[in-house]
Amino acid sequence: MRLISILTTVFLVACGGGGSSTPEETPTPTPAPTTQNCNVVVTKGPYPQIWPTLEWNTASLESQGMCPDEVQSVIDYAFLEGNDTGAIIVIRNGYIVIEEYDSGKTENDLATSWSVGKSFASALMGVALEEGLVSSLDETTGQYFSEWAETERENITIRHLMTLRTGLRADCLGPPNDYDNGGNSIYFSIDQVACALNRELQGPIGNKLYGYSNSDVMLAGEIMEITSGMKLDEYLDQKLGSIMNADYQWWEDAVGNSLGYCCIDATPRDFGKFGLLFARNGEWNGQQLIPKSWIELSTSLALDGEYGYYWWPINDHNGFVAIGLHGQTIAVIPEDNLVIMRFGNYSRLGDGTTVRAGGNGHSTNEPLSYDITSFINRVTALIR
């Protein structure tokens, strides 16, 4: 049995969103069931590496080095009553080997990322650096944000934003009259860039005063929009989505700022393509979409057990995971060519557009007993 522990956090508050840097209480991980033997013959590697094209290829667990004896325990755990799981997918060697949906859901129904979107923002920063749109992570941000010019905050670098070392208050609250729907966090702000910029220093720039910040990521996303001249969803589609034949819909606020810290809608299968891209070191069917050097750098803190560059650690295992509110999960274990995903049941609120204003927003529910660590343990225990 492989024991995995994951650092978890509250990413947004309530089903409508919000900002927080407070650790979240999660259920105690449960041991994964183990079997010393398998009731079917399990194929040993090496395994051929394939890529999804218009459609994914599916394969049996045993053909990809996994024992199916305990697969039902994986499914039952995810879909326990009260967990409100909408979909789970496990990808091994480019094949879908487990795929289950809640009653009434299909592979064509949208899931939402919540803070899994931060890992997408991180990937695009790597692309922007490779293209020279951003010259260096050590560029200071005062050149992008006039509000910070001629203040100490102009010395904050992009790297500080990416590693949560800005010295600023973790997240913005803003004046009460700057919010619609009576919210009190960045997610409810009319102008979320202005909200993120309106933070004061609470300590030295470069010191890590907190472990999580929606506002830092919001500003990193804004820099990419400034330098690329494109909305984040356009940049994502041009550099990744259109090439992988994946449709990602990135939300924006009421004044047109992309929500870089959250809120991408896609089918679970399309989210799986993003996970596979990282499992394959940024390569997609012969094209290097994300520089391998960025894959290595942006996951390095996670591999060392720390959150940074917008990936979380999977300790005691050489992997990393994107996590969103209410248990949205894309776990990547490259050495096993494995992607493990779980998404909650999702409803898009409001008029159907992806503008976070008025009654438009996201609805998912807190799972009653789902724990990311326990779920990943159960999947990895199938590997032989």
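Provided above is the structure to which this section pertains.
I will try to describe carefully the structure that is included in this document. (Residues numbered from 1 in each chain as written. Predicted model: local features only at pLDDT ≥ 70, side-chain atom pairs only at ≥ 80, totals over all residues. Heavy atoms only, no water.)

What follows covers the overall build of the chain. Within the chain, the secondary structure is distributed over nine helices and 17 strands. Burial analysis of the chain (384 residues in total) assigns 58% to the buried set. Within the chain, residue pairs in contact and separated by at least 24 positions form 68% of the contacts whose partners lie at least 6 positions apart. For the chain, the accessible area works out to roughly 14,200 Å², and carbon and sulfur atoms hold 47% of it. (Helix = DSSP H or I, 4+ residues; strand = E, 2+ residues; numbered from the N terminus. Buried < 20%, exposed > 50% of the residue type's maximum accessible area, 1.4 Å probe, protein only. Contact = heavy atoms within 4.5 Å. Areas by Shrake-Rupley, 256 points an atom, 1.4 Å probe, with all protein chains shown as cover.)

A few words now on the pattern of salt bridges. Where charged atoms from two side chains of opposite charge come close, those side chains can pair. Using the criterion set out here, one finds twelve salt bridges in the structure. A salt bridge links Glu55 to Arg269, with the nearest nitrogen and oxygen atoms 3.8 Å apart. A residue pair is termed long-range when its members are at least 10 positions apart, and Glu55 in the loop between strand E1 (5-6) and strand E2 (57-58) and Arg269 in helix H7 (residues 268-279) qualify at 214 residues. The exposure class assigned to Arg269 is buried, which follows from its relative accessible area of 11%. Here Lys231 makes a salt bridge to Glu225, at a shortest N to O gap of 3.9 Å. Salt bridges linked by common partners bring Glu55, Glu99, Glu107 and Arg269 together as one network. (Salt bridge = Lys/Arg side-chain N within 4 Å of Asp/Glu carboxyl O.)

Per the stated rule, a full pass over the model turns up 20 aromatic pairs. Relative to Tyr187, the ring of Trp114 lies with its centre 5.7 Å away and its plane at 55°, an arrangement referred to as tilted. With a gap of 73 residues between them, Trp114 in the loop between strand E5 (111-112) and helix H2 (117-131) and Tyr187 in the loop between helix H3 (158-163) and helix H4 (192-197) connect regions that are remote in the sequence. A relative accessible area of 1% means that Tyr187 is categorised as buried. Between Trp294 and Tyr309 the ring centres are 5.8 Å apart and the planes differ by 90°, which places this aromatic pair in the edge-to-face class. With Trp294 in helix H8 (residues 292-303) and Tyr309 in the loop between H8 and strand E11 (312-315), this pair connects stretches of sequence that are 15 residues apart. With respect to burial, Trp294 and Tyr309 carry one shared label: buried. The lysine or arginine in question, Arg280, covers the ring of Trp51, its NZ or CZ lying 4.4 Å from the ring centre. (Phe/Tyr/Trp six-rings, centres within 6.5 Å; stacked < 30°, edge-to-face > 60°. Lys NZ or Arg CZ within 6 Å of the ring centre and 35° of its normal.)

Let us look at H7. A rise of 1.5 Å per residue sets the reference length of H7, with its twelve residues, at 16 Å; its end C-alpha atoms lie 16 Å apart and thus fit the reference within 8%. Here H7 lies mainly inside the structure; twelve of its twelve residues are buried. When we look at burial in H7, the residues that qualify are Pro268, Arg269, Asp270, Phe271, Gly272, Lys273, Phe274, Gly275, Leu276, Leu277, Phe278 and Ala279. Immediately beyond the C-terminal end of H7, within one or two residues, lies Asn281, with a positive phi of roughly 60°. (Expected span 1.5 Å × (residues − 1).)

With that settled, consider the state of the cysteines. One pass over the full model with this rule turns up three disulfides. Disulfide partner of Cys38: Cys67, at an S-S distance of 2.0 Å. With the S-S dihedral at roughly 90°, the linkage between Cys38 and Cys67 falls on the right-handed side. Separated by 29 residues along the polypeptide, Cys38 in the loop between E1 and E2 and Cys67 in the loop between E2 and helix H1 (71-78) bring together distant segments of the chain. The class for Cys38 is partly exposed, based on a relative accessible area of 22%. A sulfur-sulfur separation of 1.9 Å characterises the disulfide bridge that pairs Cys262 with Cys263. Because the sign of the S-S torsion sets the handedness, a value of about -75° for the bond joining Cys262 and Cys263 places this disulfide among the left-handed ones. The burial state of Cys262 is the same as that of Cys263; both residues are buried. By sequence order of its bonded cysteines, the chain has the disulfide arrangement 1-2, 3-4, 5-6. (Disulfide = S-S within 2.5 Å.)

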